[in-house]
Structures are given as structure tokens and as C-alpha cells.
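A structural walkthrough
Below are the chains, spelled out letter by letter.
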Amino acid sequence: MLPDTKTTGAGDKPESDAVHQKIPLPRCAALGLQHVLVMYAGTVAVPLIVGGALGLSKADIAFLINADLLVAGIATLIQALGLWGFGIRMPVMMGVTFAAVGPMIAIGLDPSLGLQAIYGATIVAGLFGMLVAPLMGRLLGVFPPLVTGTVITLIGVSLMGVAINWAAGGQPTVTRMVDGVAHAVANPDYGDPAKLAIAALVLLVVLGITRFAKGVWANISILLGVMAGVVVSLALGYMNFDGLSDASWVAVTTPLHFGLPRFEFTAILSMCIVMLITLVESTGMFLALSEITGRRMTPQLLTRGLRADGLGTLIGGVFNTFPYTSFSQNVGLVTVTGVRSRYVAAMAGGFLILLALFPKVAHIVASVPAFVLGGAGIVMFGMVAATGVRILGAIDYGKERHALYVIAISIGLGLIPTLSPNFFQHLPAWTHPFTHSGIVLGTCAAMVLNLFYHGVVSKERSFLLAARTSHGTE
């Protein structure tokens, strides 16, 4: 059984007063829109990163954004309202996990795999997540804060390279055909001072808003920073909306848009590891949310929530998008606003679905220049790394004297694909989903090293640590 969680605030009242409270429609809509604004930048970031890395067209990236918003809305409704044995029925917002970015790019860039293999692996990972959801109480001992903190730090550090290239205006090299042979040559536009200046402006706007603004304005600082960069880019002629007139005003995202999924073992194994990471991350979020809302966590409730993560991921694979998890920034927003009603999250899920119906909106987002996103990306991905550092900061290094070895070696191995992409070039192609993804490589290293030094953490202590590290205390 899970240990009882200490309640705060609304915990002194019956849980129905907080979690199941029905709020007047106008206020519920306003609060739901705020949740959407808080998560929007993070929600569209993954399609932009993956689509850009795989060289997809602006129209295809816009389609990915629409598909992402649609499935995020559906998964949020399932979590907030419940559907049969799925959904934790708490104020949870769902979005694509950053943990999947590295593995998906590695799979998509592999000539023998490609985009269809990403979706096949995502579908199987979703099924896998639903199957292992009831076992997470036992598996959590393999993912103590030492492992999850290391992995989350590695995710943020690995993604920082994406943000840096964004800020510089693209990739440092471009492909040129010379005598019919493709050659990588230096990109002359990389690091253009004007583009760097706009990226810096976005960063400064975000910093200024977080320093001097409060409430909802502080919560949407990333979005406001990007908007400032868009305005300047338009004024200087760096941004255009080519193809916008060809996009439909209203359209419904269709499943299997990019073709039938391919089911490749190495890609599936890679994404199942990502699924385990997201389930552990969600467990911590759910336990933290239990304390915030005052709703007592039970094994059945936790299983429903994690099973919904798996279902959202399966739906994502069918509808041309990626693995889903609960968004931590929205859990923080529940604390800031003091509104614990699950119907607010459900309203936000409805808004996400509505946004997914308008392709022109997604096309505009896909038109935002990379250097504008770079200024925001440094903040977003840096915050991911900082979250991992916060979790690692809660560890008692006096008691866990080998913890530093686990962290150091795991991050060192995890950075190999980022710092030296050709390091594993002579290994067989079937190893690429592992060796070309620093996140998968680092996660496997952290799991094995932690088991080697510390063994499996007891179930009771695992739940206690997951809840505490989600709050940043030990």
C-alpha cells in the first residue's frame, strides 16, 4: 500500500470540495485558458524540435503541432474526467515529454527506421505503459531520485544544444552538392549577429517579466518573450508566412497521416525505456499533486493515472505525435492559484482540442524563426536541467557515498552522442537507437550503476522520496 500523504490547504476539507468542485463556467474558462497559456510553449516545442531535426516541411511541422495539441487535449480530458479504468481524476495537464526527443530524433534520422518507426515504437510503448502501470509500485525502486534526477538533468543539458543552434539561426553546417556528391559545409548564416540579437532580446524579455511581473503574466513569460521576438522579426523582414494561404481554416487531424507505422525492435525498446522514465516522473507529479489537493493517493488511483499516460501515448502514436506525460509547470500553477478543481484542467483540455482544429494557427507557430525560439529554448531547456539539479540536491550524499559516481559516469556517457556524434559510428546499425540517443544511454547507465552501488530502494521509501523530490524537499 502507498503511505498516506500529508494534506495541506484543501486537505482539511472533503476531497470533493477541492478536486471535484464545479466552478462557474466563465471563471472555469478563464482558469483553463491560463493552464493552456502556461503549457503552450512547452507543448509545441517538441514538434518543432523533432520536425526541424528530421528536415520536415513547414506544412508537416504545422501538422505535427495540430496533432500534438489534439492528443494533449484528449489525454488531459481522460486524466481529469476519467474513462473506465483510465484517468486519475485530478487537475492534470498532459503534454509531450522532453525525455522522448533524443531517442525519437535518433530513430527518425536512421535511414533504416525513419518517422514511421517512431510511431510504431510509440504505439507499442503506450501499450507497454498500460501493462506496467500496476507494477510501478515495485519498479519505482529501480528509479530513485538519484536516477531520475540524473536523467532529467541529462535531458536538459542534451537539449541545450538544440536551443543554442536555434539561437544561432539553424545548424552549423549545411549540405551542398558538389559534382553530384553531398558535402557538409559551414553555414554562412550561422551565428548572424542580427539573429543573435533577437534571440538575446527574447531572453531579456523573459528575464524581465519573471523578475518584475506577477501572477499569470509571470507564468506566460516564455510565450510573451517569443511574441516579442516575432514582432521584431516581422519588422525586420526575417519572418514570413509562406504557405499560410494554402492552409485550411478548419481541419481535423487524421490518424496515420505519415503512413503505416513500422515496428522495429530496437526503436521499440528505446521508446519503452522512455515510457518507464515518464511513468516514474508522472508518479512523482501525482504524489505531489495529492499533497497539494488533499486527495489521498491509493495504488488504484496511481494506476489509473499512469495507465492514462500509456493510453495517451498510444493515441499519440496513432495520431502522428509522441509520448505523453503530466506537465510539472501546471502542477505548480495549481499551487499558485489555489484552484484544485479537475474541471479546470478538463476545460483546458477542451481548449487544446479547439486549437488543434485550426491549421492556420499551427502554420503561424511553425513560421516562427529558429533564432526567436532559441532565446526561449535556453530558458525552457535550462529549466529542465535545473529541475534535475533540484532533485539531485535533495539527496543525502553522506549516506549515499557512491551517488556522485552514478551521476558523473551517467552524464558523461549520456553526453557522448551530443559532443561526439560519430563516436559509435562503427557499431552495428541496430544499436543506433541506443548509442545515438544520449538520454537512453545515460538512463541505462544510471539504472545499472545505481543497482550496482545501492541495489533496489524499498517501495515505501521510493514513494516517499518521489513525493518529496517533486516538492524539492528531502
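Residues numbered from 1 in each chain as written. Predicted model: local features only at pLDDT ≥ 70, side-chain atom pairs only at ≥ 80, totals over all residues. Heavy atoms only, no water.

Let us look at the overall build of the protein chain. Summing up its helical and strand segments, the protein chain has 21 helices and four strands in all. Counting only residues that meet the buried cut, the protein chain has 55% of its 474 residues in that class. When the accessible surface of the protein chain is split by element, carbon and sulfur atoms take 67% of a total near 19600 Å². (Helix = DSSP H or I, 4+ residues; strand = E, 2+ residues; numbered from the N terminus. Buried < 20%, exposed > 50% of the residue type's maximum accessible area, 1.4 Å probe, protein only. Areas by Shrake-Rupley, 256 points an atom, 1.4 Å probe, with all protein chains shown as cover.)

Structurally, the position occupied by Ser 326 is in strand S4 (residues 324–326). Ser 326 sits in the buried class, given a relative accessible area of 2%. Beyond its immediate stretch of four places on either side in the chain, Ser 326 contacts Val 92, Met 93, Met 94, Ser 282, Met 285, Phe 286 and Asp 309. (Contact = heavy atoms within 4.5 Å.)

Helix length check: helix H20 (residues 438–454), at 17 residues, gives a terminal C-alpha distance of 23 Å against a target of 24 Å (1.5 Å per residue), a fit within 8%. Taken together, the buried positions of H20 are occupied by Gly 438, Ile 439, Val 440, Gly 442, Thr 443, Ala 445, Ala 446, Met 447, Leu 449 and Asn 450. A positive phi of about 75 degrees marks Gly 455, the residue just after H20. (Expected span 1.5 Å × (residues − 1).)

Look at helix H16 (residues 370–393): 33 Å from first C-alpha to last across 24 residues, which is about the 34 Å you get at 1.5 Å a residue. Its axis deflected by about 35 degrees at Ala 376, H16 carries its strongest bend there. (Bend = angle between axes of the 7 residues up to and from the residue.)

A word on the pattern of salt bridges. For side chains of opposite charge, pairing can occur when their charged atoms come near one another. Within the structure shown, the criterion is met by one salt bridge. For Arg 262, the salt bridge identified is with Glu 264, shortest N-O distance 2.8 Å. (Salt bridge = Lys/Arg side-chain N within 4 Å of Asp/Glu carboxyl O.)

The subject of this paragraph is the packing of aromatic side chains. In the structure shown here, the tally under the stated rule is seven aromatic pairs. Measuring from ring centre to ring centre gives 5.8 Å for Tyr 238 and Phe 371, while their planes differ by 80 degrees; the resulting arrangement is edge-to-face. Residue Tyr 238 is located in the loop between helix H10 (221–235) and helix H11 (265–293), and its partner Phe 371 is located in helix H16; the two are separated by 133 residues in the primary sequence. When its relative accessible area of 5% is taken as the criterion, Phe 371 is described as buried. Pairing Phe 452 with Tyr 453 gives two aromatic rings, centres 5.0 Å apart and planes at 65 degrees, and the pair type is edge-to-face. (Phe/Tyr/Trp six-rings, centres within 6.5 Å; stacked < 30°, edge-to-face > 60°.)

Moving on, we come to the environment of Asp 242. Following the sequence through the fold, Asp 242 ends up in the loop between H10 and H11. The exposure class assigned to Asp 242 is exposed, which follows from its relative accessible area of 53%. Placed 184 residues apart in sequence, Asp 242 and Lys 58 show a C-alpha to C-alpha distance of 9.0 Å. If we ignore the near neighbours within four places in the chain, the residues touching Asp 242 are Lys 58 and His 363.

On to the nonpolar core. Note on soluble globular proteins: their nonpolar side chains tend to be buried together. Ranked by internal contacts, the top residues of the largest apolar core, which has 111 residues, are Phe 98 and Phe 322. The greatest single-element share of this core, amounting to 13 residues, is contributed by H11. Sequence-distant contacts of Phe 98, that is, excluding residues within four places in its chain, are made with Gly 42, Ala 45, Val 46, Ile 49, Ile 155, Leu 159, Phe 381, Val 384 and Ile 439. Membership of the second largest hydrophobic core comes to 10 residues, among which are Ile 395, Ala 403, Leu 415 and Leu 449. (Core = buried A, V, L, I, M, F, W, Y, C linked by side-chain atoms within 4.5 Å.)

Now for the side chain of Lys 195. The residue Lys 195 is located in helix H8 (residues 193–212) in this model. Here Lys 195 occupies a buried position and makes no salt bridge, while the nearest side chain of opposite charge, Asp 192, is found at 4.7 Å. In contact with Lys 195, other than residues within four places in its own chain, are Ala 167, Gly 169, Asp 189, Tyr 238 and Phe 371. (Lys, Arg positive; Asp, Glu negative; His and termini not counted.)

Below, the discussion takes up the environment of Leu 279. Looking at the secondary structure, you find Leu 279 in helix H11. Separated by 27 residues in sequence, Leu 279 and Leu 306 place their C-alpha atoms 6.2 Å apart. For Leu 279, the contacting residues outside a window of four places in its chain are Gly 129, Val 132, Met 136, Leu 306 and Asp 309.

Among the surface-exposed residues, Trp 249, Val 250, Leu 354, Phe 358 and Val 361 lie close enough to one another that they form a single nonpolar patch of about 510 Å² accessible area. Structurally, Val 361 can be placed in helix H15 (residues 359–366). On the basis of relative accessible area, Val 361 is assigned to the partly exposed category, the value being 32%. (Patch = residues over 30% accessible without salt bridge, like charges linked within 9 Å, V, L, I, M, F, W, Y side chains within 5 Å.)

Before going further, it helps to spend a moment on the confidence of the model for the protein chain. This prediction gives the protein chain a mean pLDDT of 80; 83% of its residues lie at or above 70. Looking at the elements of the protein chain, mean pLDDT is at its lowest for helix H21 (residues 459–471), recorded as 56, and at its highest for helix H5 (residues 115–132), recorded as 94. Scored below 50 in pLDDT, residues 1–16 makes 34 contacts in the model with residues more than four places away or belonging to other chains. (pLDDT = per-residue confidence, 0-100.)

This brings us to the packing of helix H17 (residues 403–414) against H20. Helix packing for two helices is described by the angle between their axes and how far apart those axes are. At a closest axis distance of 8 Å, the pairing of H17 and H20 adopts a crossing angle of 160 degrees. As the angle between them shows, H17 and H20 are arranged roughly antiparallel. Pair H17 / H20 crosses with right-handed handedness. Contacts from Ala 403, Tyr 405, Val 406, Ile 409, Ser 410, Leu 413 and Gly 414 of H17 reach H20 at Gly 438, Leu 441, Gly 442, Ala 445, Ala 446, Leu 449, Asn 450, Tyr 453 and His 454. Across the contact of H17 with H20, the residue classes break down as 10 nonpolar, six polar and no charged. (Axes fitted to C-alpha atoms, helices over the stretch in contact; angles between N-to-C directions. Parallel < 35°, antiparallel > 145°, perpendicular 65-115°, else oblique. Left-handed = near helix turned anticlockwise from the far one by under 90°. Nonpolar A, V, L, I, M, F, W, Y, C, P; charged D, E, K, R; others polar.)

So, about unusual backbone geometry. We note that Trp 84 has phi near 55 degrees; this positive angle belongs to a residue other than glycine. Mapped onto the secondary structure, Trp 84 falls in the loop between helix H3 (58–81) and strand S1 (94–96). Residue Arg 89 is not a glycine yet carries a positive backbone phi of 55 degrees. Within the secondary structure, Arg 89 is located in the loop between H3 and S1.

Turning next to the packing of H5 against helix H12 (residues 299–318). Viewed as axis vectors pointing N to C, H5 and H12 meet at an angle of 160 degrees, and their least axial separation amounts to 7 Å. The orientation of H5 relative to H12 falls into the category roughly antiparallel. In the crossing of H5 with H12, the sense of the turn from one axis to the other is left-handed. Only Arg 307, Gly 310, Leu 311, Thr 313, Leu 314, Gly 317 and Val 318 of H12 make contact with H5, whose side of the interface consists of Tyr 119, Thr 122, Ile 123, Ala 125, Gly 126, Leu 127, Gly 129 and Met 130. Across the contact of H5 with H12, the residue classes tally to eight nonpolar, six polar and one charged.

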